[in-house]
Amino acid sequence: MSQDKSREFLHSGNDKDKFKFFFKATLLQQVRELLEGIKSHLDASNAVLTELESSISPIVEELKELHEKIKNMEHVEEIAQDVQNLKRKLAWSWVYDVDRQIEEHNIKFEKLKDRVPTCQARIDQLSDRVNELKILLSDKQAKITSLMEKTSEVRRMKEELQNNLLLAKKERAEREAEYSRVDSLILKMRKRARYLEQQIHDTQEQGIKDTQDEEAEIQERTKKLQDEINMVHLNVSRLQEEEKLLVDRLLMAKDFIKEILKEVQDNERKYHSLCSQLQALKQQQTNKVTAFGGQKVLNLLHAIEWHRRKFKCPPIGPIGAHVSLVNSDIWALAVECAIGRLLDAFIVTDHKDLFVLRTCAREANYHNLQIIIYDFSRPRLSIPSHLLPLTCHSTTISVLHTENSTIWNVLVDMGSAERQVLVPSYEIGKNVAFEQRIQNLKDVYTSDGFRMFCRGSVQTTLPPNKRIKNGRLCSSIDNQILDHEKEVSFAQEVIKEAKERKRNADIASQELEKDVHNVKRRRISEERTLMSKQLALKDMNSSRSVEPAPDTTTAVELQQEIMQVQDDIQAKGLLLEKVRMKKIMAEEKANELKSSFESLCDSAKGEIDTIEAVERELLLAEQEVNSAEAEKIHYEGVMQNKVLLEINEAEIYLNNLQHTRQENFKKASIICPECVVEALGGCSGCTPEQLSAKLIRLNQRLQHESRRYTDSIDDLRERHDKKERKITKKQIIYAAFREKLNACEKALDLRWKKFDRNANLLKRELTWKFNGHLLKKGISGKTMVDYDKKLLSVEVKMPHDASGNNVRDTRGLSGGERSFSTLSFALALHEMAEAPFRAMDEFDVFMDAVSRKVSLDALVEFAVSQGSQWIFITPHDIGMVKGGDRVRKQQMPAPVS
């Protein structure tokens, strides 16, 4: 405070200023401002938090609505659970139904097995009869064996005589041949002798020159014959080569004819197939239904019309007759490849209608008819977009049009037509099927019939079916008929041209066969000529060796040779006589053996007749055995082909039932364990047909209930959980904020309480300290602080005041008393406040000496005791202040006048 401020402080009479001074000096004002600032921040935060909490109220309401929807959908889920339970029961009912059939068939099987002993007894009876006849037959055979043993010696002698007779005849023939050969040799030798005698005579007349000419002629003939042999041999070799070439050409021609014949057969098959297709197209042009089964489907439709009263609902079919392509025929082939197997099918509403339709198919001679059981009452399926392939290309179901909802549902449920994508080219198909990885995609079909699909990591591409050329749903039948007529005409031309080539090839083959026959005949003729010439050459050489040329040197040598030839003739004559005698002996021996054989046959005739009689008996016994065996075989055939066959068929049927039972058991086990069905009450008293009807009714009810809600319960639960998580997260955050805000408010309230308590304590402390400092001068007083009205008043009681009244207005005090009171008030505030340093200027004005001394001593003592830095400025003398380590005095020189 300045000098004037200090002078005016106590007696100014403004309690609010004194309160402000006190409030600011004690830092209560700063604390109060901080607390009020905190409170304003907390109020703002509370407003923001309240606004945030109110912002999630609509979402909470929406969450409650979702919860109500989920509760309603849970009822639908209960129906769906009942449907699942019925499906489980239906799956196991098929197992139990097969068990019932197995039990019934086991009874029938046992009855069939009881027929076996009767038939087996008859077979055993016949077996005994056959055994008896075989024993009789064995006796007959033993008798014949004994007779054969008795006649075995005769037979051996007969066989020995036959062999000896044959040997004798052979020896006779050999002797006759030897006799003829020796006789011929003698004739030749006699001719040689005559020839030598003539040679001697000619030699004597003509000389040696003629002999040399004859030898030269013989050599020339031999050479000529050898040349002819060589020429014929060359002809034979040439003809063999020519024959081989012709045979090879003939085989090639026959192979070529086989190829042409195969080509003709293939073309004829193709021609007949094209004719059938053309006839079917013409029939389809007249009646579209014939495209999906031909005449058989018309017969079937007539049979269905005839038995229409037996059906619960008239069958729908064929499916292809109720379906058409939208806009264009470009997808006809692709659709045929995708759902072609379903286009011939018929649809019935239950198993009873299925059996009636099968009866109609048998009457119409329509085998392997595909029949689909489907509920006609089901409305047209609505396929959500998230279940369709996410692609810009068409699907099979999108290019088809049908007015019948049942056919639409069958194409979706049975044919998966909504998941089959149609693309215009092979490359686009590969991209869609293998690279894009489109969800809900089953197969991709190109416009030319390729099929592509991906199962896991396996990528598969199947080529078009060669038997499918055009789609049956194609509307441009006239163009197809024209194309088929052209193909039929072309096939006829090809067949005609191939048959012409076959005729030409047959003619060429026949010519080749004639050439081969002629060449073969010429070759055989040449080979015979070659053989005859070779034999002639051989005879000529042998005659030259037998008839050597006479020696031209002397006639004596020729004479000697004549003598030698005559000696040889005599020797050969003796040999010929011996051979003649041996021939006669061989003829006599052969005649003797022949007579002995005839006599032996006459003697053995009786025994042979006995054997023949026994053999006839044996033959009769064999016939009886054969008859008994035939009857046994008949009954064995009955046993095998009828009794055992029926048993085998029954056993096969039983095995099939067992196999069906195993398959149904596996399928049912996949759906659920048997214990689950038992826990649900089992399937007793319900047939599969009854369960199927009940399941259909529940499905209809489920569909009816499901139409009320477009979203599924899983989607609702997902949305509920998602919103609940979001709201819960915000609620947790806001609750944490609210908790922190409440904690802050509680802390603020605590601080306000502490503030009030500290303010009261400071108010009391101010009075105590103020009174304490006044007592140093014998003055007493007190301060009164009103925090609510923000007023501070001071009361001072002077010791010399006899009235004892307190001075409330300090203006009633003297100047020194006011200065000391102000000093006491300031020191009281100094003790209650903190500051790094403090300064007081002319604090002792208007004080007398005693008051100044008391004030200085009090100030110095207070400063030293507080330990803070004080600066006192006064115009008065400070000599009375004692110096010290912590007290420094500085006196300024008096100003120069």
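Quick caveat, the model's predicted, so the values are computed rather than measured. Once a new chain begins, its residue numbering starts again from 1 and follows that chain's sequence as written. Only residues with pLDDT of 70 or above have their local features reported here, since the model is predicted, and side-chain atom pairs are shown and tallied only from 80 upward, although totals for entire chains, interfaces and linings are computed over all residues. Side-chain numbers come from the whole structure's heavy atoms, not from hydrogens or water.

S.K.: So what exactly am I meant to see when it comes to the overall build of the chain here?
M.R.: We count a stretch as a helix when DSSP gives it H or I for four or more residues in a row; a strand needs E for two or more, and each element gets its number in order from the N terminus. Scanning the chain for helices and strands turns up 19 helices and 13 strands. Looking at the chain as a whole, 33% of its 897 residues qualify as buried. Across the chain, the fraction of contacts at a sequence separation of at least 24, relative to all contacts at a separation of at least 6, is 77%. Areas reported as accessible are Shrake-Rupley estimates using a 1.4 Å probe. Residue values count occlusion only from the protein chains shown. Within the structure as shown, the chain displays about 55,700 Å² of accessible surface, and the carbon and sulfur contribution to it stands at 52%. Here the term buried applies to any residue with accessible area under 20% of the maximum for its type, exposed to any over 50%, and partly exposed to those in between, with areas from a 1.4 Å probe on protein chains only. Only heavy atoms enter the contact rule, under which two residues are in contact if any of them lie within 4.5 Å.

S.K.: Honestly, the side chain of D375 in this entry has me stumped. Any pointers?
M.R.: When you line up the elements, D375 lands in the loop between β3 (371-373) and β4 (394-395). It is R378 that comes nearest to the buried, bridge-free D375 among opposite-charge side chains, at 5.7 Å. Polar side-chain contacts of D375 include one of 2.8 Å to the side chain of S377. By the counting scheme adopted, Arg and Lys are positive, Glu and Asp are negative, and His together with the chain ends is not counted. Within this document, salt bridges are pairs made up of a side-chain nitrogen of Lys or Arg and a carboxyl oxygen of Asp or Glu, the two lying within 4 Å of each other. By the criterion applied in these results, polar contacts are pairs of N or O atoms within 3.5 Å in which, for protein atoms, one can donate a hydrogen and the other can accept it, and in which residues neighboring in sequence qualify only through two side-chain atoms.

S.K.: Before we go on, may I ask you to explain helix α9 (residues 351-363) in this structure?
M.R.: Each full turn of the α-helix corresponds to 3.6 residues, which orients residues three or four apart in the same direction. Compared with the 18 Å implied by 1.5 Å per residue over 13 residues, the 19 Å span of α9 between its first and last C-alpha is a close match. Residues of α9 that are buried: D353, L354, V356, L357, C360 and A361. Buried residues in α9, looked at end-on, bunch into an arc of 165°, giving them a common side. Exposed and oriented more than 90 degrees from the buried face of α9 are K352, F355 and R362. Buried positions along α9 lie against α7 (295-306), β2 (346-348) and β3. N365 lies just past α9 and shows a positive phi near 55°. Expected helix span is given by 1.5 Å per residue-to-residue step, counting one fewer step than there are residues. Think of it as the arc spanned by the lines of direction from the helix axis to the C-beta atoms.

S.K.: When you look at a negative patch on the surface in this model, what are you seeing that I'm missing?
M.R.: Together, D714, D715, E718, D721 and E724 make up a negatively charged patch on the protein surface. Mapping D714 onto the fold places it in helix α17 (residues 713-775). Residues forming no salt bridge and having over 30% relative accessible area are the ones grouped into patches, like charges within 9 Å of each other and nonpolar side chains (Val, Leu, Ile, Met, Phe, Trp, Tyr) within 5 Å. The atoms used to mark charge sites are NZ of Lys, CZ of Arg, CG of Asp and CD of Glu.

S.K.: Whenever I open this one, the sheet that holds strand β7 (residues 443-446) confuses me. Can you help?
M.R.: The strands making up a sheet associate through backbone hydrogen bonding, with each pair oriented either parallel or antiparallel. Strand order in the open sheet formed by five strands is β4-β6-β7-β8-β9, with mixed pairing between adjacent strands. In the strand order of this sheet, the two ends are held by β4 and β9 (458-462), each with one partner. Summarising the sheet, strand β6 (residues 420-423) and β7 pair through four bridges and their orientation is parallel. Looking across to β7, one finds that L422 is bridged to Y445. The sheet strands contacting helix α11 (residues 426-435) are β6, β7, β8 (451-455) and β9, and the helix crosses β8 at an angle near 15°. Each pair of strands is called paired provided DSSP finds at least two bridges between the two strands. Here the axes come from fitting lines to C-alpha atoms, over the contacting stretch only for helices, and the angles between their N-to-C directions go from 0 to 180 degrees.

S.K.: Looking at this structure, I do not really get unusual backbone geometry. What am I missing?
M.R.: Negative phi is the rule for most residues except glycine; trans is the rule for most peptide bonds. Cis geometry marks the peptide bond from G317 to P318; its omega dihedral reads -10°. You can see P318 is positioned in the loop between α7 and β1 (324-325). Here the phi dihedral of K790 falls at roughly 60°; this positive angle occurs in a residue that is not glycine. Counting through the fold element by element, K790 comes out in the loop between β10 (780-786) and β11 (791-797).

S.K.: Just to check I follow, could you spell out the packing of α7 against α9 for this structure?
M.R.: Any two packed helices are characterised by the angle at which their axes cross and by the distance between the axes. Between α7 and α9, whose axes approach to 8 Å, the crossing angle comes to 130°. Considered as vectors, α7 and α9 are oriented oblique to each other. Crossing of α7 against α9: the hand is right-handed. Contacts from L300, A303 and I304 in α7 reach L357, C360, A361 and E363 in α9. Partitioned by chemical class, the residues of the contact of α7 with α9 number six nonpolar, no polar and one charged. For this classification, under 35 degrees means roughly parallel, over 145 means roughly antiparallel, 65 to 115 means roughly perpendicular, and everything else is oblique. Crossing handedness: left-handed means the near helix sits turned counterclockwise from the far one by under a right angle, and right-handed means the same turn made clockwise. Ten residue types, Ala, Val, Leu, Ile, Met, Phe, Trp, Tyr, Cys and Pro, are classed as nonpolar, four, Asp, Glu, Lys and Arg, as charged, and the remainder, Gly among them, as polar.

S.K.: How do you make sense of the environment of R115 when you look at a structure like this?
M.R.: Structurally, the position occupied by R115 is in helix α4 (residues 57-150). Assessed through its relative accessible area of 35%, R115 is described here as partly exposed.

S.K.: Help me understand the environment of M414, please; the structure alone is not making it clear to me.
M.R.: Relative to the assigned elements, M414 resides in the loop between α10 (405-413) and β6. With relative accessibility at 38%, the residue M414 sits in the partly exposed group. Not counting residues within four places of it along the chain, the set of residues in contact with M414 comprises R341, L342, I372, I373, Y374 and N409.

S.K.: Please explain the nonpolar core as it appears in this structure.
M.R.: The tendency in soluble globular proteins is for nonpolar side chains to be buried side by side. Formed by 32 residues in total, the largest nonpolar core has its most connected members in I319, V335, I347, L400, L411 and L473. At the level of secondary structure, the elements contributing two or more residues to this core comprise α8 (332-343) and α10. By residue number, the principal contributor to this core is α8, which donates seven residues. Excluding its chain neighbours within four sequence positions, the residues that come into contact with I347 are P315, I316, I319, I372, Y374, F376, T406, I407 and V410. Listed in part, the 31 residues of the second largest apolar core include F19, I56, Y734 and F770. Take the buried residues of types Ala, Val, Leu, Ile, Met, Phe, Trp, Tyr and Cys, join any two whose side-chain atoms come within 4.5 Å, and each joined set is a nonpolar core.

S.K.: In this structure, what is going on with the confidence of the model for the chain? I would like to understand it.
M.R.: Across the chain, pLDDT averages 76, with 77% of residues at or above 70. The secondary-structure element of the chain with the lowest mean pLDDT is helix α1 (residues 3-9), recorded at 54, while β2 shows the highest, at 93. In predicted models, pLDDT denotes the confidence assigned by the predictor to each residue on a 0 to 100 scale. Low pLDDT, under 50, characterises residues 546-554; the predicted model gives this stretch 13 contacts beyond four residues in sequence or across chains.

S.K.: Sorry if this is basic, but what is going on with the environment of L325 here?
M.R.: Here L325 shows up in strand β1. When the C-alpha positions of L325 and S398 are compared, they lie 9.3 Å apart, and in sequence the two are 73 residues distant. In contact with L325, not counting residues within four places along its chain, are A332, V335, V399, L400 and L473.

S.K.: When you look at the pattern of salt bridges in this model, what are you seeing that I'm missing?
M.R.: Close approach of charged atoms allows side chains of opposite charge to pair. What the rule picks out here adds up to 18 salt bridges. Residue D443 pairs with R451 through a salt bridge whose shortest N-O separation is 3.5 Å. A salt bridge links R501 to E497; the nearest nitrogen and oxygen atoms lie 2.6 Å apart. Of this pair, R501 and E497 both sit in helix α12 (residues 477-546), four residues apart, roughly one helical turn. Overlapping salt bridges, with partners in common, bring together D97, R100 and E104 in one network.

S.K.: What am I meant to see in a nonpolar patch on the surface here?
M.R.: Taken together, the side chains of F837, I871 and I873 define a hydrophobic patch exposed on the protein surface, amounting to about 290 Å² of accessible area. Inspection of the secondary structure assignment puts F837 in strand β12 (residues 837-841). What makes F837 exposed here is its relative accessible area of 53%.

S.K.: Honestly, the packing of aromatic side chains in this entry has me stumped. Any pointers?
M.R.: Any two aromatic rings considered together are summarised by their centre-to-centre distance and by the angle between their planes. Stacked, edge-to-face and tilted are the three classes for Phe, Tyr and Trp ring pairs, Trp counted by its six-membered ring, which pair at centre distances within 6.5 Å; planes under 30 degrees apart are stacked, over 60 edge-to-face, the rest tilted. Inspection of the entire model under this criterion finds three aromatic pairs. Between W752 and F755, the ring centres sit 5.6 Å apart and the planes meet at 90°, which makes this aromatic pair edge-to-face. Pair noted here: W752 and F755 are both in helix α17, with a separation of three residues, about one helical turn. Here R380 stacks its cationic end above the ring of W408, 4.7 Å away from the centre of that ring. By definition, being over a ring means that NZ of Lys or CZ of Arg is both within 6 Å of the ring centre and within 35 degrees of the ring normal.

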